[in-house]
Amino acid sequence: MQQSADYRELARHYGLAPVPDSVLRLTQLVARQDSDLEEITQLIDQEPALRKRLLQLANPGAKSEAEYELDTVERAIFQRGIGCALLLAMGTPLAFALAKTFQTMLALKLETLTPQQLKPIDPPCFLGTIAFGGKAAGTVCLRMGASSATLIAAKILGMEPKDLKDLTAISDAVGELLNIITGNFKSNLCDAGLNCRLQPPKVWHTSEAYTPAVPGVGLECLGFRVGQIVLLVDVSVNPWNEE
Amino acid sequence: MALKILSVDDSRTIRLIVTRAFKAYDCIICEAANGEEGLAAAAREKPDLVILDVTMPVMDGVTMLGKLKDDPDLKAIPVIMLTAESSQENVLQISRLGVRDYLAKPFKEEQLLEKAGRVVPLVKKAA
């Protein structure tokens, strides 16, 4: 308790903005192997954004809300199991961190894509991955086409996209973007009791196209768009790793 | 005399952003890509301020901060952490080691300048 109070005081002093309480609370609940499904259901039901994403995850084949077979949080959790809530707890901080990064460093407002809007990325692509290990283990992948990567890197570096030809500079900017979102994600996991460590980011420039994966057990896939920039983020996680 | 600021980050992108942020000010920016290089640069350059990342290869920022604070010649150099990791444990540990401020990524250049300006006297370059 004292440690928590000390942290709150320091966070106020340094001006650190925490993730929303509901997201932290959800991660804490899911982090416990003996989680209370009713408590998780209540928490998600009270937050419109969490509720909307959970129902999307629970109805992967539906093209619109009208087609949802599982149309309440309770039915989704009880029929799909805690895996759905787990994906929500992992994916939401990543989406939050990515949106905040774009708004803060690029002055761009990201729009979240629905699963139906996720389209294959034409080559050449940039792929960045960061592995994390500890009480939670997994990988976060950030994927985008070369034109999206160039637009992002140019904006971060204050250059015109046409003047940015250096692939190393573009890769470094993609790696740092991944580093920032994963660092925020890791902080949320640690604060929820799932201590883990990050590996340095790895970035590849590849000539292969990428088809978005279908979200499922232990895998969340998120898509984002702003103007001509399209990004895909996958997170695969085992929250109860034995280290 | 120009202020010396040491930016320690494995990302060239962040080092470029830091350099750009201080461009209008009478500062010399030195760079290092990890904690080991950062310690060597701190001993060599005796900067007025260190801006330090946490997760880096070879030697991370927390280890570098600990070694800096253990060195009688370097321990007085003020440090601002610039990192995406702001978990309770990280913030508490880093705070105990002794930092002047903590800026979480993502950040705006103005935020960095504001925090740096509270630690060292930033003077605009003459037009």
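A short tour of the structure in this document, coming up. Along every chain, residues carry numbers that run from 1 in the direction the sequence is written. Chains carry letters and ligands carry numbers; both start at the beginning, A for chains and 1 for ligands, and go up in the order they are written. Confidence filtering applies because this is a predicted model: local features only for residues at pLDDT of at least 70, side-chain atom pairs given and counted only at 80 or more, and all residues used for totals across whole chains, interfaces and linings. Side-chain calculation: all heavy atoms of the structure are included, whereas hydrogens and water are not.

Remarks on helix α5 (residues 73-80) of chain A
Residue and element names in this part refer to chain A. Within the sequence span of α5, burial applies to Val73, Ala76 and Ile77. Looking straight down α5, one finds that the buried residues subtend no more than 90° of arc, so they occupy a single side. Buried residues belonging to α5 abut α3 (37-46), α4 (48-58) and α6 (82-106). Count one or two residues on from α5 and you reach glycine 81, which has phi positive near 85°. Categorising residues by exposure relies on relative accessible area from a 1.4 Å probe, with only protein chains included: less than 20% of the type maximum marks a residue as buried, more than 50% marks it as exposed, and the intermediate range marks it as partly exposed. Helix and strand labels come from DSSP, where a helix needs a run of H or I of at least four residues and a strand needs a run of E of at least two; each type is numbered from the N terminus. Throughout, the arc means that of the directions going from the helix axis to the C-beta atoms. Contacts are assigned to residue pairs that have any heavy atoms within 4.5 Å of one another.

Focus: the environment of Thr112(A)
Inspection of the secondary structure assignment puts Thr112(A) in strand β1 (residues 111-113). Leaving out residues up to four positions away in the same chain, Thr112(A) has contacts with Gln117(A), Gly223(A) and Phe224(A).

Things to note about empty space enclosed by the protein
A 1.4 Å probe that fits but cannot get out identifies a cavity on a 1 Å grid over protein atoms alone, an open set with protein on both sides within 12 Å along at least five of seven lines counts as a pocket, and a residue lines either if it has an atom within 4 Å of a point. Grid points are joined across faces, edges and corners, and a volume is the space filled by probe spheres set on the points. Applying the stated criterion to the full structure yields 3 cavities of 30 Å³ or more. Estimated volume of the largest cavity: approximately 60 Å³. What lines the largest cavity is Thr101(A), Met105(A), Leu106(A), Ile156(A), Ala173(A), Glu176(A), Leu177(A), Ile180(A), Thr13(B), Ile14(B) and Ile17(B). Broken down by secondary-structure element, the contributors of at least two residues to the lining of the largest cavity are α6 and α8 (167-191) of chain A together with α1 (12-21) of chain B. By residue number, the principal contributor to the lining of the largest cavity is α8(A), which donates 4 residues. Partitioning the lining of the largest cavity into residue classes produces 8 nonpolar, 2 polar and 1 charged. Each residue is assigned to one class: nonpolar for Ala, Val, Leu, Ile, Met, Phe, Trp, Tyr, Cys and Pro, charged for Asp, Glu, Lys and Arg, and polar for all the others, Gly among them.

Brief notes about the interface of chain B and chain A
A common way to state how big an interface is: give the accessible area lost once the parts meet. The partner chain A presents 30 residues to the 31 residues of chain B that form the contact. By buried area we mean the combined loss of accessible area, with a 1.4 Å probe, across both parts when two parts are placed together. For the pair chain B and chain A, the summed buried area comes to about 2700 Å², and 57% of that belongs to carbon and sulfur atoms. Put simply, a salt bridge is a Lys or Arg side-chain nitrogen that is within 4 Å of an Asp or Glu carboxyl oxygen. If you look at where chain B meets chain A, you find 3 salt bridges. The partner of Lys186(A) in a salt bridge is Glu85(B), and the shortest N-O contact between them spans 2.5 Å. Here a polar contact is recorded for every N or O atom pair within 3.5 Å, except that within protein the pair must consist of a potential hydrogen donor and a potential acceptor, and residues adjacent in sequence are included only if both atoms are side-chain atoms. At the junction of chain B and chain A, the tally comes to 15 residue pairs in polar contact (both at pLDDT 80 or more). Those elements that place two or more of their residues in the side of chain B that touches chain A are α1, α4 (88-97), β5 (101-104) and α5 (109-119) of chain B. Among the residues forming the side of chain B that touches chain A, the class breakdown is 11 nonpolar, 9 polar and 11 charged.

Considering helix α3 (residues 61-70) of chain B
Because an α-helix packs 3.6 residues into every turn, residues spaced three or four apart end up facing the same way. Residue and element names in this part refer to chain B. Among the residues of α3, Gly61, Val62, Met64, Leu65, Gly66 and Leu68 are the ones counted as buried. In this structure, the buried side of α3 is in contact with β1 (3-8), α2 (35-45), β3 (49-52), β4 (79-83) and α4. Of the residues that open α3, the one with a side-chain oxygen 3.1 Å from the backbone nitrogen of valine 62 is aspartate 60.

Looking at the pattern of salt bridges
Counted under the stated rule, the structure contains 18 salt bridges over all chains. The partner of Asp163(A) in a salt bridge is Lys162(A), with the nearest N and O atoms 3.6 Å apart.

Focus: the side chain of Thr41(A)
Residue and element names in this part refer to chain A. For threonine 41, the position within the fold is in helix α3. Judged by its relative accessible area of 7%, threonine 41 falls in the buried class. Ignoring any residue separated from it by four or fewer positions in sequence, one finds threonine 41 in contact with Val73, Glu74, Ile77 and Phe78.

Describing the nonpolar core
Generally speaking, soluble globular proteins have nonpolar side chains that are buried together. To qualify as a nonpolar core, a set must consist of buried Ala, Val, Leu, Ile, Met, Phe, Trp, Tyr and Cys residues joined through side-chain atoms within 4.5 Å. One finds Ile44(A), Phe102(A), Leu231(A) and Phe22(B) to be the most contacted residues of the largest nonpolar core, which totals 91 residues. Looking at this core element by element, the count peaks at 14 residues for α6(A). Ignoring anything within four residues of it in the chain, the contact list for Leu231(A) reads Leu98(A), Phe102(A), Leu110(A), Leu142(A), Arg143(A), Met144(A), Ile152(A), Leu222(A), Gly223(A) and Phe224(A). Core analysis: the second largest hydrophobic core is formed by 31 residues, Ala32(B), Leu39(B), Val54(B) and Val91(B) among them.

Structural notes on the environment of Ile181(A)
Residue and element names in this part refer to chain A. Inspection of the secondary structure assignment puts isoleucine 181 in helix α8. According to the relative accessible area criterion, isoleucine 181 is buried, its value standing at 0%. Each C-alpha atom, one on isoleucine 181 and one on alanine 95, is 8.2 Å from the other, the two residues being 86 residues apart in sequence.

A look at the sheet that holds β5(B)
All names here are of chain B. At least two bridges found by DSSP between two strands is the condition for calling them paired. With parallel pairing, the 5 strands of this open sheet are ordered in space as β2-β1-β3-β4-β5. In the strand order of this sheet, the two ends are held by β2 (27-32) and β5, each with one partner. Averaged over neighbouring strand pairs, the angle between their axes works out to 20° when direction is ignored. Of the strand pairs in this sheet, β3 and β4 are connected by 3 bridges, and their pairing is parallel. Along β4, the bridge assignment pairs leucine 52 with methionine 81. Interaxial angle, 0 to 180 degrees, is taken between N-to-C directions of lines fitted to C-alpha atoms, where a helix line uses only the stretch in contact.

A word on the layout of surface pockets
All names here are of chain A. Size it by volume and the largest pocket reaches roughly 590 Å³. In this structure, the largest pocket is lined by 27 residues; those nearest its centre are Ala49, Thr92, Ala95, Phe96 and Thr112. Among the elements of the structure, α2 (21-31), α4, α6, β1 and β6 (219-226) are those that each provide at least two residues to the lining of the largest pocket. Looking at which element gives the most residues to the lining of the largest pocket, the answer is α6, with 9 residues. By residue class, the composition of the lining of the largest pocket is 12 nonpolar, 8 polar and 7 charged.

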